[in-house]
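Residues per chain are reported as follows:
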Amino acid sequence: EPTPDIALRILHTADWHLRDKDIDECEKCTGAVMDTALEEKPDLITIAADIFDSQDIEAGSKAALLAVTRVSSLANVSPVVIVRGTPSHDGNAPSILAHVRGNFPIVVADMPMQVAMIDGTFFELPFSGCTRIPDAIISLVPTPTKQYFQTTSGIKESDREIAQAMSDLFKMFGAQAAPYGCPHILVGHWNISGSKLPSGYERIGMDIEISTDQMMLANPDLGCLGHIHIAQQLGGRF
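The notes below deal with the structure included here. The written sequence of each chain sets the order in which its residues are numbered from 1. Given that the model is predicted, a residue must reach a pLDDT of at least 70 before its local features are reported, and side-chain atom pairs must reach 80 or more before they are shown or counted; all residues, however, enter totals for whole chains, interfaces and linings. For side-chain calculations, the full set of non-hydrogen atoms in the structure is used, while hydrogens and water are omitted.

### Let's talk about the overall build of the chain
Stage number 1. Note on conventions: DSSP H or I runs of at least 4 residues are helices, E runs of at least 2 residues are strands, and numbering of each starts at the N terminus. Counting secondary structure elements, the chain contains five helices and 11 strands.
Stage number 2. Burial classes: relative accessible area under 20% of the type maximum marks a residue as buried, over 50% as exposed, and values in between as partly exposed (1.4 Å probe, protein chains only). Within the chain, the proportion of its 238 residues that are buried is 48%.
Stage number 3. Contacts are assigned to residue pairs with any non-hydrogen atoms lying within 4.5 Å of each other. Looking at the chain alone, contacts between residues at least 24 apart form 72% of all its contacts between residues at least 6 apart.
Stage number 4. Working definition of accessibility: Shrake-Rupley area with a 1.4 Å probe, residue cover restricted to the visible protein chains. Roughly 12000 Å² of accessible area belongs to the chain as shown, and the carbon and sulfur atoms make up 51% of that amount.

Set out below in structure tokens:
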């Protein structure tokens, strides 16, 4: 008999906003994430940005030490992928987490990138020499900023132009993931059209907005997103 399909187990978290002044609460909340990881033993852990609450985080601060400790502990359980968040919160601070060590690898994306996960190891796409179907293709997209679009595709002057560039990026990632025939996971941090704020109101016309239709251009099986501080599902996959 054929071996039945085994579901990919993913632990998704985002928006820790670690800060020294609330370090006890931060330890409690991230400790709950750690407890879940130890109990569930997922195949993959996704952290969709805004780990820190300030871009001016100091290396020796309580918040930075907590981030390093938690990410290292999570990487002792499962492979970890992280995307960088809003400039006013994360800034470049998540880059320090790329140097953290655990039993499994950690990938920190400060630019859009795709990785294949095979037996708990990441390979950046495109790559050759693959002798088996990956366990997953993971598309990592940090908070869209003018900076990385200026670098990769020419100057984008407006939020509208950036939104269009995001559509092009999703299309490309969808096309690159399709041939592998495995689950495709989209991890990102941005404003999502139609999402609800903690107040219950819908988020409309705030900063750069990405719609579910745009994200579907990547044809992901699952979108693990951050930025809006309330758990919700949009469009069935996000």
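That shown, we press on.
### Side note on the pairing of strand E6 (residues 121-124)
Stage number 1. As paired strands, strand E5 (residues 113-118) and E6 are joined by four bridges and run antiparallel to one another. Looking at E6, one finds that Met-117 is bridged to Phe-122.
Stage number 2. Paired strands, in this sense, are two strands between which DSSP finds at least two bridges. Between E5 and E6, which pair antiparallel and follow one another directly, the connecting turn spans two residues, one of which, Asp-119, has a positive phi of 50 degrees.

### Quick notes on the sheet that holds strand E1 (residues 10-13)
Stage number 1. The four strands lie next to each other as E1-E2-E3-E4, forming an open sheet whose pairing is parallel. Whereas interior strands pair on both sides, the edge strands pair on one side only; in this sheet they are E1 and strand E4 (106-109). Pairs of neighbouring strands in the sheet enclose a mean axial angle of 15 degrees, with direction left out of account.
Stage number 2. Where strand E2 (residues 44-47) lies against strand E3 (residues 80-83), three bridges are found, and the strand directions are parallel. Simply put, an axis is a line fit to the C-alpha atoms, just over the touching stretch for a helix, and the angle between two N-to-C directions goes from 0 to 180 degrees.

### Comments concerning the sheet that holds strand E11 (residues 222-226)
Stage number 1. In spatial order, the strands read E6-E5-E7-E8-E11; together these five strands make up an open sheet with mixed pairing. Taken across any chain shown, the strands that pair with only one partner, and hence form the sheet edges, are E6 and E11. Averaged over neighbouring strand pairs, the angle between their axes works out to 25 degrees when direction is ignored.
Stage number 2. Pairing geometry for E5 and strand E7 (residues 136-141), over five bridges, is antiparallel. The residue bridging Val-115 from the neighbouring strand is Ile-138, located in E7.

### Overview of the layout of surface pockets
Stage number 1. A cavity here means a set of points on a 1 Å grid, drawn over the protein atoms and nothing else, where a 1.4 Å probe fits but cannot get out; a pocket is an open set with protein on both sides within 12 Å along at least five of seven lines, and a residue lines either one if it has an atom within 4 Å of a point. Grid points are joined across faces, edges and corners, and a volume is the space filled by probe spheres set on the points. The computed volume of the largest pocket comes to approximately 510 Å³.
Stage number 2. In terms of lining residues, the largest pocket is bounded by 22 residues, among which His-12, Leu-225, Ile-230, Ala-231 and Gln-232 are the most central.
Stage number 3. Those elements giving two or more residues to the lining of the largest pocket turn out to be E1 and E11.
Stage number 4. Tallying contributions element by element places E11 first for the lining of the largest pocket, with five residues.
Stage number 5. Of the residues that constitute the lining of the largest pocket, the class distribution is 11 nonpolar, nine polar and two charged. Residues are grouped as follows: Ala, Val, Leu, Ile, Met, Phe, Trp, Tyr, Cys and Pro are nonpolar; Asp, Glu, Lys and Arg are charged; all remaining types, including Gly, are polar.

### Describing the packing of helix H1 (residues 23-40) against helix H2 (residues 62-75)
Stage number 1. At a closest axis distance of 10 Å, the pairing of H1 and H2 adopts a crossing angle of 5 degrees. As the angle between them shows, H1 and H2 are arranged roughly parallel. On H2, the residues touching Ile-23, Cys-26, Glu-27, Thr-30, Gly-31, Val-33, Met-34 and Ala-37 of H1 are Lys-62, Ala-63, Leu-66, Arg-70, Ser-73 and Leu-74.
Stage number 2. Among the residues making up the contact of H1 with H2, the classes are represented as eight nonpolar, three polar and three charged. Working definition: roughly parallel below 35 degrees, roughly antiparallel above 145 degrees, roughly perpendicular at 65 to 115 degrees, and oblique for all remaining angles.

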